[in-house]
Amino acid sequence: MPDPGAAPTDDAVRQAAQSLDTACSETGYFELTNHGIDLGLIRRTLEETAAFFRRPAEDKARYTAGVETQFLGYRRLGAEKSLFHGGAEACEQYRIGRSHDRPAAATAIDTAHFHAPFADSSMLFARLERLGDQLMTLAAIGLGNAEDRFAPFFESPMHRLGLNYYAPGSSAELGNSMPYGMSPHIDRAVFTIVIQDEPGLELLSPNGAWQSVPAGPDVLVGFMGDYLQRWTNGRYRAVQHRVGEIRRDRISIQYKHKPSYAVVVEPLARFLAADGAPRYDPFDTGTQYERLLSTLLS
């Protein structure tokens, strides 16, 4: 990222955009530096998250996530089914973030209720939103577009912050056939930024090898999700990732940059091949995404 402590020059922005474009095209992942996010805030968020997951089960259940909460809130251990094996994901999860008011018949949700246990996390979420917007500007420039090319897709964005807790032995407790903390998948997002206090996250490299991601509150790693891969018709590479076997208590923070509710993501015209053939079908980030997530949560 351009140095946040100084006004970015045109050259600095171009260089950052080119670096991002290269990473997204070749590997789909990158480490973020010069992001300007306070390390103390990240540490407080990790501590706040750990404190929440230490609460009694009946207290955490007051925040249970579901369709009626627009999936904000708490997901108990094993609440999310795995698409990779016959079991469930071996972690507890919590989601804060944006909500929508569509369709008109939907019951309004009390977003403040779900954010209440996470004051520091909410501040970090706001800071990551701004960082995400900067990355979208750089992506647009790197792709040869005007810097506001993607702005119409983000008029009322549905960005989310995921807070996950992984404990040793959870996979076996659930009776899973594989030891993953989180099984391999691609995120339904534009991109994801991850911070983890202990190692565990692994990204699939272009050569088919799983690569471990460094851990620590000062390490921010970003990787491409499904939506930028669709928009660019495959020029940008969505990254499959997983969490391996857990040997120590682990907290992870995942920020997911998402477009407005019900934006239909499909290959943009300038990225289509000479014959105009899209490599990906359109995907509705509203009802289609909700149906998908509903099938995963029990």
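Residues numbered from 1 in each chain as written. Predicted model: local features only at pLDDT ≥ 70, side-chain atom pairs only at ≥ 80, totals over all residues. Heavy atoms only, no water.

## Concerning the overall build of the chain
Heads up, the rule is: Secondary structure is summarised from DSSP: a helix means a run of H or I of at least four residues, a strand means a run of E of at least two, and numbering begins at the N terminus for each. Note on method: radius of gyration uses C-alpha positions; expected globular size equals 2.2 Å times residues raised to 0.38. For the exposure calls, accessible area comes from a 1.4 Å probe over protein chains only, and a residue counts as buried if that area is under 20% of its type's maximum, exposed if over 50%, partly exposed in between. Here, residues are in contact when the closest pair of their heavy atoms is within 4.5 Å.
The secondary structure content of the chain amounts to eight helices and 13 strands. In summary, the chain has a C-alpha radius of gyration of 19 Å against a globular reference of 19 Å for 298 residues, a match within 12%. Principal-axis analysis of the C-alpha atoms gives the chain an extent of 55 × 40 × 40 Å. Here the chain holds 298 residues, and 54% of them are scored as buried. Considering only contacts within the chain whose residues lie at least 6 apart along the sequence, 77% involve residues at least 24 apart.

## Re the sheet that holds strand E8 (residues 210-212)
Heads up, the rule is: For two strands to be treated as a pair, DSSP must find at least two bridges joining them. Lines fitted to C-alpha atoms define the axes, with helix axes restricted to the stretch in contact, and inter-axis angles between N-to-C directions lie between 0 and 180 degrees.
Read across the open sheet, the four strands follow the order E5-E10-E7-E8; overall the sheet is antiparallel. Strands with a single pairing partner mark the edges of an open sheet, and in this sheet they are strand E5 (182-185) and E8. Within this sheet the neighbouring strands show an average axis-to-axis angle of 20 degrees, counted without direction. Pairing geometry for E5 and strand E10 (residues 241-243), over two bridges, is antiparallel. Residue pairing for E10: Met182 is matched across the bridge by Val243.

## So, the pattern of salt bridges
Heads up, the rule is: For this analysis, a salt bridge means a side-chain nitrogen from Lys or Arg found within 4 Å of a carboxyl oxygen belonging to Asp or Glu.
Inspection of every chain in the model, using the stated rule, returns 14 salt bridges. Arg44 is the partner of Asp120 in a salt bridge, and the nearest nitrogen-oxygen pair spans 3.3 Å. With Asp120 in helix H5 (residues 119-142) and Arg44 in helix H2 (residues 39-53), this pair connects stretches of sequence that are 76 residues apart. Among the residues examined, Asp120 registers a relative accessible area of 17% and is labelled buried.

## A word on the packing of H2 against H5
Defined as follows: Angles below 35 degrees are treated as roughly parallel, those above 145 as roughly antiparallel, those between 65 and 115 as roughly perpendicular, and all remaining angles as oblique. When the near helix sits turned anticlockwise from the far one by under a right angle, the crossing is termed left-handed; a clockwise turn instead gives a right-handed crossing.
Relative orientation of the contacting elements H2 and H5 amounts to 135 degrees, with a least axis distance of 8 Å. Between H2 and H5, the crossing angle belongs to the class labelled oblique. Crossing hand, H2 versus H5: left-handed. For the pair formed by H2 and H5, the contact residues are Leu41, Ile42, Arg44, Thr45, Glu48 and Thr49 on the first element and Ala119, Asp120, Ser121, Met123 and Leu124 on the second.

## A short note on the nonpolar core
In summary, soluble globular proteins display a tendency toward joint burial of nonpolar side chains. Short version of the rule: Note on terminology: a nonpolar core comprises buried Ala, Val, Leu, Ile, Met, Phe, Trp, Tyr and Cys residues joined through side-chain atoms within 4.5 Å.
By size, the foremost hydrophobic cluster in this structure holds 57 residues, and its most contacted members are Tyr94, Leu128, Phe150, Ile193, Leu220 and Trp231. In terms of residue count, H5 provides more of this core than any other element does, nine residues in total. Setting aside chain neighbours within four positions, we find Tyr94 in contact with Phe52, Phe53, Tyr63, Gly73, Tyr74, Phe114, Pro117, Phe118, Leu161, Gly162, Leu163 and Asn164. Within the second largest apolar cluster, nine residues are counted, among which are Tyr29, Val194, Phe223 and Val239.

## Some points on the side chain of Arg250
What counts, and what does not: Counting rule for charge: Lys and Arg are taken as positive, Asp and Glu as negative, and neither His nor the chain ends is counted.
By secondary structure assignment, the location of Arg250 is in strand E11 (residues 250-257). For the buried Arg250, no salt bridge is present, and the opposite-charge side chain at shortest range is Asp197, 5.6 Å distant. Ignoring any residue separated from it by four or fewer positions in sequence, one finds Arg250 in contact with Asn164, Tyr165, Tyr166, Gln196, Asp197, Glu198, Pro199, Gly200, Leu201 and Val243.

## Focus: the sheet that holds strand E4 (residues 160-166)
One open sheet accounts for seven strands, arranged E1-E9-E6-E11-E4-E3-E2; its pairing is antiparallel. With partners counted over all chains shown, the strands left at the sheet margins are strand E1 (29-32) and strand E2 (73-75), one partner each. Neighbouring strand axes in the sheet, compared pairwise and without regard to direction, differ in orientation by 20 degrees on average. Here E2 pairs with strand E3 (residues 92-97) via three bridges, running antiparallel. Bridge pairing in E3 places Gly73 opposite Arg95.

## So, the environment of Asp281
Residue placement: Asp281 occurs in the loop between strand E12 (264-265) and strand E13 (283-284). Given a relative accessible area of 60%, Asp281 falls into the exposed group.

## Details of unusual backbone geometry
Positioned with a positive phi, Asn34 is a non-glycine residue whose angle comes to about 55 degrees. Note that Asn34 resides in the loop between E1 and H2. Judged by relative accessible area, which is 44%, Asn34 ranks as partly exposed.

## Observations concerning the environment of Gln18
Within the secondary structure, Gln18 is located in helix H1 (residues 10-26). Distance in space between the C-alpha atoms of Gln18 and Ile109 is 41 Å, their sequence separation being 91 residues.

## Here's the deal with the environment of Glu198
For Glu198, the location among the structural elements is in the loop between strand E6 (191-196) and strand E7 (201-204). A relative accessible area of 19% means that Glu198 is categorised as buried. Considered as a pair, Glu198 and Ile251 are 53 residues apart in the sequence and their alpha carbons are 7.1 Å apart. Glu198 has contacts with Ala215, Arg248, Asp249 and Arg250, leaving out every residue within four places of it along the chain.

## Structural notes on the packing of H1 against H5
The description of two helices packed together rests on the angle between their axes and the distance between the axes. Formally: Three residue categories are used. Nonpolar comprises Ala, Val, Leu, Ile, Met, Phe, Trp, Tyr, Cys and Pro, charged comprises Asp, Glu, Lys and Arg, and polar comprises the others, including Gly.
Closest axis-to-axis distance for the H1/H5 pair is 8 Å, and the angle between their directions is 85 degrees. By the angle between their axes, H1 is roughly perpendicular relative to H5. Taken together, the residues of H5 that come into contact with H1 (itself represented by Val13, Ala16, Ala17, Leu20 and Asp21) are Leu135, Leu138, Ala139, Ile141 and Gly142. In the contact of H1 with H5, the residues fall into eight nonpolar, one polar and one charged.

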